[in-house]
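Letter by letter, the chains look like this.
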Amino acid sequence: MKLFLKTDTQLLIKKILEEKLDVFNVKYNLVNTNEILFLETIDTVTYENITSVLNEYGFQIIENQKNIIVQKIKESIIEMIFNEEAPAVKSSVYLAEKLDHSYGYLSNLFSEVTYTSIENFIIIQKIEYVKKLITHHSLTLTEIAFKLNYSSVAHLSSQFKNTTGITPSAFQRIIKKRSEITNQNIN
Amino acid sequence: MQKDFILITLADDDEDDRMFFTDAFDELKINTVVNTVNDGVALMNFLNDPENVLPNIIFLDLNMPLKSGIECLKEIKADAKFNDIVIAIYSTSSSEEDIENTFVLGANIYIKKPNHFEKLKEVLSEVVTLNWQYITSGLNKDNFLLRM
């Protein structure tokens, strides 16, 4: 006996994708058979698991080239800020050399993908680092300003206030009160 | 790897305000999906319904009937399943005490409601853009405090 098959590939792809994705317990929409829209943020581990499961069935994830460059820019900025050994060069020079593209190109691409400028992103990251130093290491503002190459404590404070709307000392006070509440609830 | 839109829930009892906010969100460069609820009880029902995808950010009016913004804030903060949601409180009050109190209770953003639509758009654009950086760059949400 012989069976003759006719295949509805669209349905086939859809069924496989659903079957494989449902296992991960993440909310998604199948936009079409080329596009999956995740309705929540996927952590790196899940992302890699999904990629490898889909690869088994011949699906390849097309990474967006622009996103890859933007990711590299972000990583370089974070490294530049968090690594105190990093050479003290202008960030534009540092990024251009590290990524081997002109700064103008990187800067336009970054704004297009992230909706913010590289300069602004650097400030956000720096302030994040300041917050971390305030909360985790209880350094004084003077020590932090020195550590992060700010010209003065006043400059650091005003940048903090401009970015967050609150002063570093108010920030410190709020975080402290919050942790007191959490500790009370535990006890 | 990252999704390219922000899910927003807006809780406000004033219809005009809801319209201003949703209009302002529509004009942002970042894609937003907005759903609105009319009071605090409706907000908590929405969040507690497992059928709904949780928003990335909630805009919460402080003065609402049935359940106030502060009560919602406390309930949201007491439930671990809402840990990833950023809370933006807005109010007409600019009392330092009110503001610090909402931050201490776990709000991430405090917006003093602007009087002009153009200003509101500016403020929301800044809030959503900064929130976007928190989502896409793995910043520590516990340290996310912003006063506008």
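Here the structure is a predicted model, which means the values were calculated and not measured.

## Quick look at the overall build of chain A
Looking only at helices and strands, chain A has nine helices and two strands in total. Overall, chain A shows an N-to-C arrangement of helices and strands of α-β-β-α-α-α-α-α-α-α-α. Since a compact globule built from 187 residues should have a radius of gyration of about 16 Å, the 24 Å found for chain A marks it as more spread out than a globular shape. Its C-alpha atoms give chain A principal-axis dimensions of about 85 × 55 × 25 Å. The burial tally for chain A puts 14% of its 187 residues in the buried class. A fraction of 40% describes how many contacts in chain A between residues 6 or more apart in sequence connect residues 24 or more apart.

## A short note on the sheet that holds strand β1 (residues 6-11) of chain B
All names here are of chain B. Taken in spatial order, the six strands of this open sheet run β2-β1-β3-β4-β5-β6, and their pairing is parallel. The outermost strands of the open sheet, each flanked by one partner alone, are β2 (32-37) and β6 (146-147). One ladder, built from five bridges, connects strand β3 (residues 57-61) with strand β4 (residues 86-91); its direction is parallel. Residue pairing for β4: Ile57 is matched across the bridge by Val86.

## Section: the nonpolar core
In this structure, B:Ala11, B:Phe59, B:Leu60, B:Ile87, B:Ala88 and B:Ile89 are the most contacted members of the largest nonpolar core, which totals 57 residues. Built from parts of two domains, this core gets at least three residues from each of domain 2 (63-115) and domain 3 (118-187) of chain A. B:Ala88 has contacts with B:Ile57, B:Ile58, B:Phe59, B:Leu60, B:Asn108, B:Ile109, B:Ile111 and B:Val127, leaving out every residue within four places of it along the chain.

## What about the interface of chain B and chain A?
Opposite the 23 residues of chain B that make contact, chain A presents 26 residues. Every element with two or more residues in the side of chain B that touches chain A is listed here: α4 (96-104), α5 (117-136) and β6 of chain B. Here the residues of the side of chain B that touches chain A sort into 11 nonpolar, eight polar and four charged.

## Here's the deal with the domain arrangement of chain A
In many analyses, interface size is given as the accessible surface area lost on bringing the parts together. According to the domain assignment, chain A contains domain 1 (16-56), domain 2 (63-115) and domain 3 (118-187). For domain 1 of chain A and domain 3 of chain A, the distance between their C-alpha centroids amounts to 37 Å.

## Comments concerning helix α2 (residues 44-56) of chain A
Over its 13 residues, α2(A) extends 19 Å from the first C-alpha to the last, a length consistent with the 18 Å expected when each residue adds 1.5 Å. Positive phi shows up at A:Gly58, right after α2(A), with a value of about 90°.

## Examining the packing of helix α2 (residues 40-48) of chain B against helix α3 (residues 69-77) of chain B
The relative placement of two packed helices comes down to the angle between their axes together with the axis-to-axis distance. Residues and elements named next belong to chain B. The N-to-C vectors of α2 and α3 enclose an angle of 20°; their axes lie 9 Å apart at closest approach. The angle between α2 and α3 places the two elements in the roughly parallel class. Note on packing geometry: the crossing formed by α2 with α3 is right-handed. Every residue of α3 that contacts α2 at Gly40, Leu43 and Met44 is listed here: Gly69, Glu71, Cys72 and Glu75. Looking at the contact of α2 with α3 residue by residue, the class counts come to three nonpolar, two polar and two charged.

## Looking at the pairing of strand β2 (residues 35-38) of chain A
All names here are of chain A. The pairing of strand β1 (residues 28-32) with β2 spans four bridges and is antiparallel. Residue pairing across strands places Asn29 opposite Leu37, the latter belonging to β2. Hairpin remark: β1 followed by β2, antiparallel, with two residues in the connecting loop.

## Digging into the environment of A:Glu75
All names here are of chain A. If you trace the backbone, Glu75 turns up in helix α3 (residues 65-82). Residue Glu75 is classed as exposed on the basis of its C-beta count, with 12 C-beta atoms lying within 10 Å. For the pair Glu75 and Lys177, spaced 102 residues apart in sequence, the C-alpha to C-alpha distance is 33 Å.

## Details of helix α5 (residues 103-114) of chain A
Residue and element names in this part refer to chain A. Taking 1.5 Å of rise per residue, the 12 residues of α5 would be expected to cover 16 Å, and the 16 Å separating its terminal C-alpha atoms lies within 8% of that figure. Buried within α5 we find Leu106, Phe110 and Thr114. Projected down its long axis, α5 carries its buried residues within an arc of 30°, all on one side. In α5, those exposed residues whose orientation departs by more than 90 degrees from the buried face are Gly104, Tyr105 and Glu112. Of the residues one or two after α5, Tyr115 is the one with positive phi, at around 65°.

## Structural notes on unusual backbone geometry
Even without being glycine, A:Asn149 reaches a positive phi, approximately 60°. Relative to the elements of secondary structure, A:Asn149 occurs in the loop between α7 (141-147) and α8 (153-164). On the basis of neighbour counts, which here come to 10 C-beta atoms within 10 Å, the residue A:Asn149 falls in the exposed class. Even without being glycine, B:Leu66 reaches a positive phi, approximately 70°. The residue B:Leu66 is located in the loop between β3 and α3 in this model.

## Quick notes on the environment of A:Thr164
Relative to the helices and strands, A:Thr164 is located in helix α8. Note: C-alpha distance between A:Thr164 and A:Ile127 (37 residues apart in sequence) is 8.6 Å. Excluding residues that lie within four positions of it along the chain, A:Thr164 makes contacts with A:Ile127, A:Phe171, B:Leu145, B:Leu146 and B:Arg147.

What counts and how
Residues numbered from 1 in each chain as written. Chains lettered and ligands numbered in written order. Predicted model: local features only at pLDDT ≥ 70, side-chain atom pairs only at ≥ 80, totals over all residues. Helix = DSSP H or I, 4+ residues; strand = E, 2+ residues; numbered from the N terminus. Rg over C-alpha atoms; globule rule 2.2 N^0.38 Å. Buried ≥ 20, exposed ≤ 12 C-beta atoms within 10 Å, placed from the backbone. Contact = placed C-beta atoms within 7 Å. Pairing = 2+ DSSP bridges. Core = buried A, V, L, I, M, F, W, Y, C linked by C-beta atoms within 7 Å. Domains from an automatic or database assignment. Nonpolar A, V, L, I, M, F, W, Y, C, P; charged D, E, K, R; others polar. Expected span 1.5 Å × (residues − 1). Axes fitted to C-alpha atoms, helices over the stretch in contact; angles between N-to-C directions. Parallel < 35°, antiparallel > 145°, perpendicular 65-115°, else oblique. Left-handed = near helix turned anticlockwise from the far one by under 90°. Arc of directions from axis to C-beta.

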